[in-house]
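# Structure assessment
What follows is each chain in one-letter form.
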Amino acid sequence: MKYIGRLLGWMLLCINAVVAGLMLLSAYSPYLNPSSFPILSCAGLAFPVFLAANLLFLFFWLLIYRKFAFLPILAFVCCWGSIRTYTPLNLFAEEKPDGAIKFLSYNTMAFAERQPHKKESSNEVLDYLLNSKADIICLQEYIWGGKLKQQDITYALRSYKYRHYHSFANGLNGLGIFSRYPILSATPIKMGSRTNGAIAYQVKVNEDTLLIINNHLESNKIAEVDKEVYSNMLDDPNKQNLTSGGKQLLKKLAEASVVRASQADALASIINESAGKKIIVCGDFNDSPISYSHRVLTQNLNDAFVESGNGLGISYNRNRFYFRIDHILLSPNLKAYDCVVDRSIKASDHYPVWCYISLNEE
């Protein structure tokens, strides 16, 4: 009996070693360029699964055989940077200073799929934006039509004196900005996509000029049939569903990650050329914090949520794809306070992300 118990313990240790190895792979997968390793570069999506499994092993070893707890602890130490990036804790954050501006980024899902804005039935997204009291608002999927008119959007947000809208080539997606401060310029960034892209704005805030880059990076193009496959995998995780469904989803995710990699590289080049400027990069990245795109873009920028947010900060809220894919990144001469993924509005398939930003950090 003692022999069997010891054998079982060694078998569990081996399983823990595999889990720890997979956690390491997923944690460091952002260093793999999707152009060369399209499948492996998606491993970061599984990071929370391996993180949770390793945590369970830690509790198990502490209760049963403390000597083996070294393995999950070692894995946590090796992955600490990724753990903090994925689920930061800033419980004793500083209070925002006077003069900090409120910055908000929001994928509106076409203003909640073009919900009309009337006296008797107002548009939830427009109401939220108006009540947010944000100083600068960057919007993705800025699309109107049907019973929602462009003039409805402009009139609802008339308290913002400065605004700009850009439509992508296919006319089915767009980016917008509303600001209480003058917009000096708005320059589209070429990314070779008809449906996604970025705009670089120069915004004058008192004595400072901010470079704000508003993004909607390449979508994963998960169709309704793919969402159904994913749901079937979760509801009935048998071998056939996991194998066939996993291959189908992974292929799409890998293809999209390759496109996003080149887009992220283009943005990183602009950020590098703008070194020393006060820079805000925001929007729907369609990538989690453990991804090539996020790593490349945070080489010279800080993630506002990592610096001043708490928890997972899940920003996509539909179809059980629970990830933080909406980000606000800041140059080191800016500082974020109280970054929040705001779950108070569920009109879009994304939650808005906002924070206060101090411009006086030199």
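Residues numbered from 1 in each chain as written. Predicted model: local features only at pLDDT ≥ 70, side-chain atom pairs only at ≥ 80, totals over all residues. Heavy atoms only, no water.

### Overview of the sheet that holds strand S9 (residues 302-303)
The following threshold applies: Between any two strands, at least two bridges found by DSSP are needed for them to pair. Here a helix means four or more residues in a row that DSSP labels H or I, a strand means two or more in a row labelled E, and each is numbered from the N terminus.
The 6 strands lie next to each other as S5-S6-S7-S8-S10-S9, forming an open sheet whose pairing is mixed. The open sheet has two edge strands with one neighbour each: strand S5 (183-189) and S9. Looking at chain direction, S9 and strand S10 (residues 326-330) are connected through 2 bridges and run antiparallel. The partner of Asn-302 across the bridge, within S10, is Leu-330.

### A look at the pattern of salt bridges
Filter applied, for reference: We define a salt bridge as a side-chain nitrogen of Lys or Arg found within 4 Å of a carboxyl oxygen belonging to Asp or Glu. Only protein chains enter the calculation, and the probe is 1.4 Å; a residue is then buried if its accessible area is under 20% of its type maximum, exposed if over 50%, and partly exposed in between.
Tallying each qualifying case throughout the model produces 5 salt bridges. Of the charged contacts in the structure, one is a salt bridge between Asp-135 and Arg-180, with a shortest N-O distance of 3.9 Å. Of this pair, Asp-135 sits in the loop between helix H6 (124-132) and strand S2 (136-140) while Arg-180 sits in the loop between strand S4 (174-179) and S5; the two residues are 45 residues apart in sequence, bridging distant segments of the chain. Overall, Asp-135 belongs to the buried group, its relative accessible area being 16%. Residue Glu-255 pairs with Lys-251 through a salt bridge whose shortest N-O separation is 2.7 Å. Taken together, the residues Glu-255 and Lys-251, both in helix H9 (residues 239-273) and 4 residues apart, mark about one turn of the helix.

### So, helix H3 (residues 70-78)
Filter applied, for reference: Directions pointing from the helix axis toward each C-beta atom define the arc.
Turning to H3, its buried residues are Leu-71, Pro-72, Ala-75 and Phe-76. Buried residues of H3, seen end-on, are gathered within an arc of 135 degrees and therefore sit on one face of the element.

### Points about empty space enclosed by the protein
Note the following rule: Detection works on a 1 Å grid of protein atoms alone, calling trapped sets that fit a 1.4 Å probe cavities and calling open sets with protein on both sides within 12 Å along at least five of seven lines pockets, with lining residues defined by an atom within 4 Å of a point. Grid points are joined across faces, edges and corners, and a volume is the space filled by probe spheres set on the points. Polarity classes work like this: nonpolar for Ala, Val, Leu, Ile, Met, Phe, Trp, Tyr, Cys and Pro, charged for Asp, Glu, Lys and Arg, and polar for all others, with Gly in that last group.
In the structure shown here, the tally under the stated rule is 1 cavity of 30 Å³ or more. What the largest cavity holds in volume is close to 40 Å³. For the largest cavity, the full set of lining residues is Tyr-86, Pro-289, Leu-312, Ile-314, Tyr-322, Phe-323 and Arg-324. Class assignment for the residues of the lining of the largest cavity results in 6 nonpolar, no polar and 1 charged.

### Topic: the packing of aromatic side chains
This is how it is decided: Only centres within 6.5 Å qualify two rings of Phe, Tyr or Trp (six-membered ring in Trp) as a pair; their planes then separate them into stacked at under 30 degrees, edge-to-face at over 60, and tilted for everything else. Whether a charge sits over a ring comes down to the Lys NZ or Arg CZ being within 6 Å of the ring centre and within 35 degrees of the ring normal.
Applying the stated criterion across every chain yields a total of 15 aromatic pairs. On the basis of an interplanar angle of 40 degrees and a centroid distance of 4.8 Å, the ring pair of Tyr-142 and Tyr-165 is categorised as tilted. Linking Tyr-142 in the loop between S2 and helix H7 (150-156) with Tyr-165 in strand S3 (residues 162-167), this pair joins segments that are 23 residues apart in sequence. Its relative accessible area of 28% is what places Tyr-165 among the partly exposed residues. Among the aromatic side chains, those forming a connected cluster through ring pairs are Trp-10, Phe-57, Phe-60, Trp-61, Tyr-65 and Phe-68. The ring of Tyr-155 has Arg-158 sitting right over it, with the charged end atom 4.0 Å from the ring centre.

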